[in-house]
Amino acid sequence: MKKKMETMANRVTVGLDGSPESTAAARWAAHEAELRGASLDLVHAEEWLENPPLPVTTTEDRRRWAEAVLRDTAEDVSRLNPSLRVDTRRVSGLPALALTHAAEDSDMLVLGSRALGSVAGFLVGSTGFATVAEAPRPVVLVRSVDREGNPPDGARDRGPIVVGVDIHQPCDKLLAFAFEEASHRHCPLVIIHGWSPPPILSYAPALDPGVQQEMANGITTTMDEMISPWHEKYPSLQVDSRATIGQPAIQILDAASTAALVVVGRRIRHSAFGTHIGPITHAVMHHAVSPVAVIAHE
């Protein structure tokens with residue numbers, strides 16, 4: 001059993017809806033909980049509608065169905081992880097808010113995502129998207145590779161942790177999560193920053209052939225300074241930092257093709273127009289094959 005960290009609740013929460021995707025999320029989360037020495041909390045959120053648009057089954061039928069989903073999933077993950085502590089509960093309210101509240105003192109919230117195939121990638125449903133935009137805790141999206149609820153092979157420690165960073169923004173929360181995750185899994189960590197030279201260099205590259213290289217060296221130095229404190233905290237980790245030219249989302253997705261987990265950030269914005277998920281995180285959420293962790297940060 002791993003020692004509990006002061007900043008962690010030592011619990012992993014999963015949102016269940018009875019789909020193969022949520023089964024995959026539960027299986028991934030159970031493995032994650034064992035890595036962390038944490039317990040697993042299976043949660044089903046029941047949406048309450050004052051005026052349902054169509055006739056629905058009785059409240060009792062819905063209760064029995066939800067309890068069966070929780071019971072069957074608990075039995076499934078316990079069979080695969082016999083030493084894991086598993087708790088189940090039902091919560092009411094709009095799913096995104098109910099799940100966010102249920103996971104407020106957990107290490108992370110894990111949800112299933114539907115896959116549309118290798119070209120279209122993830123279809124993050126309205127509940128998943130709203131939860132990612134709402135939750136202050138890390139949210140991990142897991143797809144099912146088949147109709148049996150099996151998570152991707154990368155979830156079994158067969159690849160690196162890949163994290164996308166923006167050197168112009170605070171990244172401590174992303175790096176803390178990514179370094180800790182790589183430490184739990186004893187796997188390499190790949191840190192990606194995608195950037196593009198100023199347009200003027202494209203039009204007149206001969207003006208100063210060394211300008212682009214000088215910019216690249218500066219970015220690399222900034223990345224090294226950003227990562228240095230985490231290197232010192234986790235000296236045994238194998239870390240590969242890359243400042244690559246190109247669109248950040250594409251660079252992250254290319255690096256993440258064989259990843260165990262992809263880590264991206266979401267800035268917390270207090271706006272009258274609601275929450276916002278940036279375009280890079282949005283693209284990775286929808287197209288990554290591996291599980292995706294979205295970390296909220298200022």
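It should be noted that the structure appears before, not after, this text.
Residues numbered from 1 in each chain as written. Predicted model: local features only at pLDDT ≥ 70, side-chain atom pairs only at ≥ 80, totals over all residues. Heavy atoms only, no water.

Trainee: Would you mind going over the packing of helix 1 (residues 20–36) against helix 5 (residues 172–185) with me for this structure?
Mentor: Angle between the axes and distance between the axes: these two values describe a pair of packed helices. Between helix 1 and helix 5, whose axes approach to 9 Å, the crossing angle comes to 85 degrees. When the axis of helix 1 is compared with that of helix 5, the two are roughly perpendicular. Of helix 5, the residues touching helix 1 (which contributes Trp-28, His-31, Glu-32, Leu-35 and Arg-36) are Phe-177, Glu-180, Glu-181, His-184 and Arg-185. Here the contact of helix 1 with helix 5 is built from residues that sort into three nonpolar, two polar and five charged. (Axes fitted to C-alpha atoms, helices over the stretch in contact; angles between N-to-C directions. Helix = DSSP H or I, 4+ residues; strand = E, 2+ residues; numbered from the N terminus. Parallel < 35°, antiparallel > 145°, perpendicular 65-115°, else oblique. Contact = heavy atoms within 4.5 Å. Nonpolar A, V, L, I, M, F, W, Y, C, P; charged D, E, K, R; others polar.)

Trainee: So what exactly am I meant to see when it comes to helix 2 (residues 59–80) here?
Mentor: One turn of the α-helix equals 3.6 residues, which is why residues spaced by three or four share an orientation. For helix 2, which comprises 22 residues, the first-to-last C-alpha distance of 32 Å matches the rise-based estimate of 32 Å (1.5 Å per residue) to within 8%. All of the buried residues along helix 2 are Ala-66, Ala-68, Val-69, Leu-70, Thr-73, Ala-74, Asp-76 and Val-77. The inward-facing, buried residues of helix 2 abut strand 1 (11–16), helix 1, strand 2 (39–46) and strand 3 (86–92). (Expected span 1.5 Å × (residues − 1). Buried < 20%, exposed > 50% of the residue type's maximum accessible area, 1.4 Å probe, protein only.)

Trainee: Can you help me understand the pattern of salt bridges in this one?
Mentor: Any two side chains of opposite charge can pair, on the condition that their charged atoms come close. Inspection of the entire model under this criterion finds 19 salt bridges. With its nearest N and O atoms 2.7 Å apart, the salt bridge here joins Arg-36 to Glu-32. Pair noted here: Arg-36 and Glu-32 are both in helix 1, with a separation of four residues, about one helical turn. Note on accessibility: Arg-36 and Glu-32 belong to one class, buried. Counted as one network, the salt bridges with shared partners bring together Glu-32, Arg-36, Asp-107, Glu-180, Glu-181 and Arg-185. (Salt bridge = Lys/Arg side-chain N within 4 Å of Asp/Glu carboxyl O.)

Trainee: What am I meant to see in helix 5 here?
Mentor: The first and last C-alpha atoms of helix 5 sit 20 Å apart over 14 residues, in line with the 20 Å expected at 1.5 Å per residue. Counting buried positions along helix 5 gives 10 out of 14 residues, so the element sits mostly inside the fold. Three or more residues of helix 5 are buried, namely Leu-174, Leu-175, Phe-177, Ala-178, Phe-179, Glu-180, Glu-181, Ala-182, His-184 and Arg-185. His-186, located one to two residues past helix 5, shows a positive phi value of around 55 degrees.

Trainee: What am I meant to see in the environment of Ala-74 here?
Mentor: Residue placement: Ala-74 occurs in helix 2. Judged by relative accessible area, Ala-74 falls into the buried class, the value being 14%. When the C-alpha positions of Ala-74 and Arg-27 are compared, they lie 9.8 Å apart, and in sequence the two are 47 residues distant.

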